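Okay, here's what each chain looks like letter by letter:
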Amino acid sequence: MTELKDVKGIGPRAIALLNKINIHTVEDLVTHYPFRYDVLERGDLGKTEDGGHIVIDGKIESVPILMRFKAGLNKMNFRLVTASGVVGVSIFNRAFLKSKLEVGFGITVIGKFDKKKNVITASEIKLETLSNKVKIEPVYHCTSGLTNKNLATYINMAILMYGKEIPDYIPKTYIEKYGFLNKKTALNIIHNPSTEEKLKEVKVRLKYEELFAFMLKINYLKLENKKNNQGLNRIIDKIKLEKFIENIPFELTSDQKNAVDEIIKDLESKNRMNRLLQGDVGSGKTIVSFIAMVANYLSGYQSALMAPTEILAVQHYNNLKDFLKNSEIEVALLTGSTPKKEKLEIYENLRNGNIHIVIGTHALIQEEVEYQNLGLVITDEQHRFGVNQRTNLQNKGLKPDILYMSATPIPRTYALTIYGDMDMSIIKERPKGRQPITTYIKHNDEMKEVLQMMFEELKENHQVYVIAPLIEESENSDLATVCKLKDQMTLAFGKKYKIDIIHGKMVSGAKDLIMQEFAQGEIQILISTTVIEVGVDVPNATTMVIFDANRFGLSTLHQLRGRVGRGSAKSQCILISSTDTKRLEIMKEVDDGFVISEEDFKLRGHGDLFGTKQSGDMEFKIANLRNDYKILLQAKKDSKEYLLNEESKEEQIKKDLIASINSN
């Protein structure tokens, strides 16, 4: 794929800024779609009320007069001839525009109209007229130092230079069937729409393409699984397995027992296991996966469990080691930070079969890793891994059984579409001894009461999570930020308790270190973005405080709430919001993640089923699974038909298409 540096006008500084918003290639750039559009419709001076908002274009009639009042404050006045009359224009702090505002030059003015004085106080001046009565302007997600105008310029230059090279993931068959525009034209229109009708047309085309590519991957994997459905021949030593389960220091719930039974049946069957283990927050799905790995060991095979983060891998490793302390089962931990010498030893012991279970991160799928007889592959938080990453791990064995785990409840209708032919085990029941979490909704002006509730828990030597939705302040946002909250919490508690912050922009090692210190009780208050949504268990953390809770989806709030209540102490979740509190009431009444996910799906679509935007399969740039569910179903049908079409003359194209999708 063409690099950003090849696009005219994009230098090193621009590349660094684009990288900040996850734009690394030309394809990333041209598919960085607007998140909304501003529709500028030409107004009429005669029909605009006094003090009303107006958008109007015309030609400059008089030389602008610039007045400077003091440092940092200036005002510019001029007259504008419009289709509905001459009007005065005033604009503050735009002295830099004076040289461009020449008499006779056509501009568009946006602002507030003082009818009595016949003057528009402009908030913005655009150096062009409205070619039609209506102009549709794209608005992009940007970052500090990168303006909307800069981004639009880079995108349009990239389309102009490399538009024909951007891969189109819709096969020619379906482009012709649905009369879709070509990819370059569609990209031009999505970034420069002339009419709302054209915009709607290309949105359908680009949404279909995204969902087709996604369903092609899913259906391709399903078909491959069916082709390789012959399972391993196993005989599990049931007596030893029962003994292991009996020695677990707590009683399994009936849901956990059912899930174990279903997995054992799969392992013993002639067919290859392809199962999704869904567990609500804190339901105890991890112990089920441990039992599966012990059963796999007792039938003579190795197991690999891949976690999305190093800290979660370490937690799984430590917990499993604890369960197996009196066992002959050898367990290893393999992550990116494992020392080289230790890595080489692990590689050797995996090859010769001396390691029976390995737990790790993406390090498990590195080329150097070879297994003697990999029989079970487990991916935790499976939606955080791309299809190709999961496939790479499966390919380390001849025909290993596959178990996916997810702590994110998914609405049934959606799950049936995405995981149609995958067997499912669902764990809803909470383990015995887990205290219910009490949820409170507090208004911003009840901050003193919230601080007092936190203080009561801190006095009991318990720990507190504080969640903020943003890392940096933006000009148009009054949302609480991590840094601002740290200042506030330091003012309230800094003399008595240690406070630290963690957020997504920190390097992995720094995040892991802070989470480790929090888990060990060295930090009492952890201020964070949603990066702690999936993380270590901290039984001593009993309070979760979420600022601007109205900005989060219900499923995300449920996931965050599930970070507390991990021990035997009573726990609480405090949602702070000044608006939309009626929607949040369900959090007080319901603690079933599956019910909450259904509500979230109805209210917001798929976007918050998995919390904040994450890597992996569920990341869509333009599609929305609730609003575009019909397109998803059609894409599912078409992608399956395309894969099954043995007579297709596009066989090589098909392979290239799958390869190119998997590489992204």
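This is a predicted model, so every value here is computed, not measured. (Residues numbered from 1 in each chain as written. Predicted model: local features only at pLDDT ≥ 70, side-chain atom pairs only at ≥ 80, totals over all residues. Heavy atoms only, no water.)

Caption draft 1: Representation of the packing of helix 14 (residues 447-459) against helix 15 (residues 482-493). Viewed as axis vectors pointing N to C, helix 14 and helix 15 meet at an angle of 60°, and their least axial separation amounts to 12 Å. Judged by the inter-axis angle, helix 14 sits oblique to helix 15. The element helix 14 and its partner helix 15 pack so that their crossing is right-handed. Contacts between helix 14 and helix 15 involve Leu451, Met454, Phe455 and Leu458 from the former and Met489, Ala492 and Phe493 from the latter. Split by residue class, the contact of helix 14 with helix 15 holds seven nonpolar, no polar and no charged. (Axes fitted to C-alpha atoms, helices over the stretch in contact; angles between N-to-C directions. Helix = DSSP H or I, 4+ residues; strand = E, 2+ residues; numbered from the N terminus. Parallel < 35°, antiparallel > 145°, perpendicular 65-115°, else oblique. Left-handed = near helix turned anticlockwise from the far one by under 90°. Contact = heavy atoms within 4.5 Å. Nonpolar A, V, L, I, M, F, W, Y, C, P; charged D, E, K, R; others polar.)

Caption draft 2: Spotlight on the sheet that holds strand 19 (residues 525-528). If you trace the six strands from one edge of the open sheet to the other, you get 16-21-20-17-19-18, paired in parallel fashion. One side of each edge strand has no neighbouring strand; the edge strands of this open sheet are strand 16 (437-442) and strand 18 (499-502). Strand-to-strand, the axes of this sheet are offset by a mean angle of 20°, without reference to chain direction. Two strands pair when backbone bridges link them, and strand 20 (residues 541-546) and strand 21 (residues 571-576) are joined in this way by four bridges, in the parallel orientation. Note that in strand 21 the partner of Ile546 across the bridge is Leu575. Running at roughly 165° to strand 16, helix 18 (residues 581-589) makes contact with strand 16 and strand 21 of the sheet. (Pairing = 2+ DSSP bridges.)

Caption draft 3: Region of the structure containing the environment of Gln463. Looking at where Gln463 falls in the secondary structure, it is placed in strand 17 (residues 463-467). With relative accessibility at 3%, the residue Gln463 sits in the buried group. Sequence separation between Gln463 and Gly521 is 58 residues, and the spatial gap between their C-alpha atoms is 7.6 Å. When residues no more than four places from it in sequence are discounted, the contact partners of Gln463 are Phe518, Gly521, Ile523, Gln524, Val538, Asn540, Ala541, Thr542 and Thr543. Reaching out from Gln463, the side chain makes a polar contact with the backbone oxygen of Ile523 at a distance of 2.8 Å. Here the side chain of Gln463 touches Asn540 through a polar contact of 3.0 Å, side chain to side chain. (Buried < 20%, exposed > 50% of the residue type's maximum accessible area, 1.4 Å probe, protein only. Polar contact = N/O pair within 3.5 Å; in protein donor to acceptor, adjacent residues only side chain to side chain.)

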